[in-house]
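Here is how the chains run, residue by residue.
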Amino acid sequence: MFNFGVMKSNFPIISIIIIAYNEEKRIKKAIKSAMRQSMKEIEIIVVDDGSTDRTVERAMSLAGFDKRVRVVQHRENRGMVSARVTGIEAAVGEYVTFLDADDTLCDRAVEEMHKVVREHDVDVVQMGCYVEMKHLPKRFRYFIPSSRLDKDVYDVDDAREVLYSGKALNNVWSKLYRRKLLLTVGLRRSGNNYGEDIMFNHQVFSHGATLATTDYLGYNYRMADAGLSRLNRWRDVMTAHVEMLDVMTDGNESLRRAYADRIAQDMISSIALRLLNPFNNRRLIRQFITTELYGIIWNNRVLPLLGDNRKTFITRDVDLIFNEGKRFLRQHYLGCSLSYLMTII
């Protein structure tokens, strides 16, 4: 492992960790968004996970320009968890936030999350985020905490249920974590490539993390594709959710029901997004739903736990699922392109 660059500016309060693997086309944009942060007491750690393209070269060019930027390089690809651990161990900030190499931060993202930390002294902060999709003309407000959560701060007992129910995002990005807690947790792989973020947060909140939120929309998430080419990946993601049902909830019946309902809701919203894509073949999507995805949900592990979404899956009616997905989109996918969404919903 190689470590390029030395932190020479003021002692950083927050470390921005960017995980990159073969992202030569987008890595500079991600790093520059971190460099533009209004809060200056930061460091930016780029962990290159064994890229075979020019990712390191392009990151290094910015490290030479801004001494807050450091590049840590793995000799070979080790996977997301190993790369995150490398970044956490290399960091010196009291808090860390993660940025995917194909996404960007809004200018006040770190500052706004740090305000919450100063006010509430919590372990994790969740901010709002935008989503960009190829078939929509503008980014839209994907997640605003106050639209789903009934308070700003959650103690140890409530934080896990909020996370598993889907009221807060399961993603590692768009959050600020107390680094000391992450070092204590001992992060480990989920065993499924599509369950790493879920497992990461499960481990953090199982160690007694407290959670607070801010409605500031500080993260721009680039959704690579909601098209037919990613249907198999979509199936694998949903399968990972189901496989982790028991692991995540530790036998707690209330958490199991909350998480099962979240699995169903994720499936519903994903179906709606794909059916809304005007370039997709709806007949093929419907066929995929009935032959593939029902097998994931339609089993004794998930179906008996479903609450509000039970009727949708019992009927096995694709149109009913689509209508439920449209309702979800109207409620949660707010903002710039809402008028466009409404024209096709």
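The structure presented is a predicted model; accordingly, all values stated were derived computationally and were not measured.

Conventions and cut-offs
- Residues numbered from 1 in each chain as written.
- Predicted model: local features only at pLDDT ≥ 70, side-chain atom pairs only at ≥ 80, totals over all residues.
- Heavy atoms only, no water.
- Helix = DSSP H or I, 4+ residues; strand = E, 2+ residues; numbered from the N terminus.
- Contact = heavy atoms within 4.5 Å.
- Axes fitted to C-alpha atoms, helices over the stretch in contact; angles between N-to-C directions.
- Parallel < 35°, antiparallel > 145°, perpendicular 65-115°, else oblique.
- Left-handed = near helix turned anticlockwise from the far one by under 90°.
- Nonpolar A, V, L, I, M, F, W, Y, C, P; charged D, E, K, R; others polar.
- Core = buried A, V, L, I, M, F, W, Y, C linked by side-chain atoms within 4.5 Å.
- Buried < 20%, exposed > 50% of the residue type's maximum accessible area, 1.4 Å probe, protein only.
- Salt bridge = Lys/Arg side-chain N within 4 Å of Asp/Glu carboxyl O.
- Arc of directions from axis to C-beta.
- Phe/Tyr/Trp six-rings, centres within 6.5 Å; stacked < 30°, edge-to-face > 60°.
- Lys NZ or Arg CZ within 6 Å of the ring centre and 35° of its normal.

Caption draft 1: The side chain of His114, seen in detail. With respect to the element layout, His114 can be found in helix H4 (residues 109-120). Every residue in contact with His114, bar those within four places of it in the chain, is listed here: Ile13, Ile14, Met39 and Leu176.

Caption draft 2: The packing of helix H1 (residues 27-35) against helix H2 (residues 55-63), seen in detail. Contact geometry for H1 and H2: axes closest at 9 Å, N-to-C directions at 25°. When the axes of H1 and H2 are compared, the pair comes out roughly parallel. Crossing handedness for the pair H1 and H2: right-handed. Taking contact as the criterion, the partners of Ile27, Lys28, Ile31, Lys32 and Met35 in H1 are, on H2, Thr55, Arg58, Ala59, Ser61 and Leu62. Tallied by class, the residues present in the contact of H1 with H2 amount to five nonpolar, two polar and three charged.

Caption draft 3: Just the packing of helix H6 (residues 156-164) against helix H8 (residues 196-206), in detail. Following both chains from N to C, one finds H6 and H8 inclined at 165°, their axes separated by 10 Å at the closest point. In terms of orientation, H6 lies roughly antiparallel with respect to H8. Helix-helix and strand crossings are classified by hand; for H6 and H8 the assignment is left-handed. Contacts between H6 and H8 involve Ala159, Arg160, Leu163 and Tyr164 from the first element and Asn201, His202, Phe205 and Ser206 from the second. Residues that form the contact of H6 with H8 fall into these classes: four nonpolar, three polar and one charged.

Caption draft 4: Fine view of the nonpolar core. Judged by nonpolar contacts, the single largest core of 48 residues is most densely connected at Ile16, Ile18, Ile27, Ile31, Ile44 and Val46. For this core, the element with the most residues is strand E7 (residues 124-133), which contributes six residues. With near-sequence residues (within four places) excluded, Ile44 lies in contact with Ile16, Ile18, Ile31, Ala34, Met35, Arg68, Val69 and Arg70. Counting residues in hydrophobic clusters, the runner-up holds 44 residues, among them Tyr177, Leu181, Val204 and Phe205.

Caption draft 5: Quick look at unusual backbone geometry. One non-glycine residue, Asp121, lies in positive phi territory at about 50°. Note that Asp121 resides in the loop between H4 and E7. Owing to a relative accessible area of 55%, Asp121 belongs among the exposed residues under this scheme.

Caption draft 6: The pattern of salt bridges, seen in detail. Considering all chains together, one arrives at 14 salt bridges under this definition. Residues Glu23 and Arg26 are paired through a salt bridge, measuring 3.6 Å at the closest nitrogen-oxygen approach. Residue classification places Glu23 among the buried positions, given a relative accessible area of 17%. According to the relative accessible area criterion, Arg26 is partly exposed, its value standing at 30%. Salt bridges sharing common partners tie together Glu94, Asp121, Asp123 and Arg178.

Caption draft 7: Examining the environment of Met60 more closely. Tracing the chain through its elements places Met60 in helix H2. Separated by ten residues in the primary sequence, Met60 and Arg70 place their C-alpha atoms 7.9 Å from one another.

Caption draft 8: Representation of H8. Burial of H8 is extensive: ten of the eleven residues sit out of reach of the surface. Restricting attention to buried positions, one finds in H8 the residues Glu196, Asp197, Ile198, Met199, Phe200, Asn201, His202, Gln203, Val204 and Phe205. Of the residues one or two after H8, Gly208 is the one with positive phi, at around 85°.

Caption draft 9: Seen up close, H2. Regarding H2, the residues found buried are Thr55, Val56, Ala59, Leu62 and Ala63. Projected down its long axis, H2 shows its buried positions confined to an angular sector of 125°, all on one face. Packed against the buried residues of H2 are strand E2 (14-20), H1, strand E3 (42-48) and strand E4 (69-73).

Caption draft 10: How the structure looks around the packing of aromatic side chains. By the definition in use, this model includes five aromatic pairs. Considering the side-chain rings of Phe98 and Tyr177, the 6.1 Å spacing of their centres and the 65° angle between planes classify their relative orientation as edge-to-face. Of the two residues, Phe98 sits in strand E5 (residues 95-100) while Tyr177 sits in strand E10 (residues 175-178), which places them 79 residues apart along the sequence. Summarising the burial analysis for this pair, Phe98 and Tyr177 share the class buried. Centre to centre, the rings of Tyr177 and Phe200 are 5.2 Å apart; their planes meet at 75°, and the pair counts as edge-to-face. One end of the pair, Tyr177, is in strand E10; the other, Phe200, is in helix H8, with 23 residues separating them in the sequence. Clustering of aromatic rings is evident, with ring pairs tying together Phe98, Tyr177 and Phe200. Just above the ring of Phe98 sits the side chain of Arg84; from NZ or CZ to the centre is 5.9 Å. Sitting above the plane of the Phe200 ring, Arg84 keeps its charged end 5.5 Å from the centroid.

These figures capture arrangement, not role.
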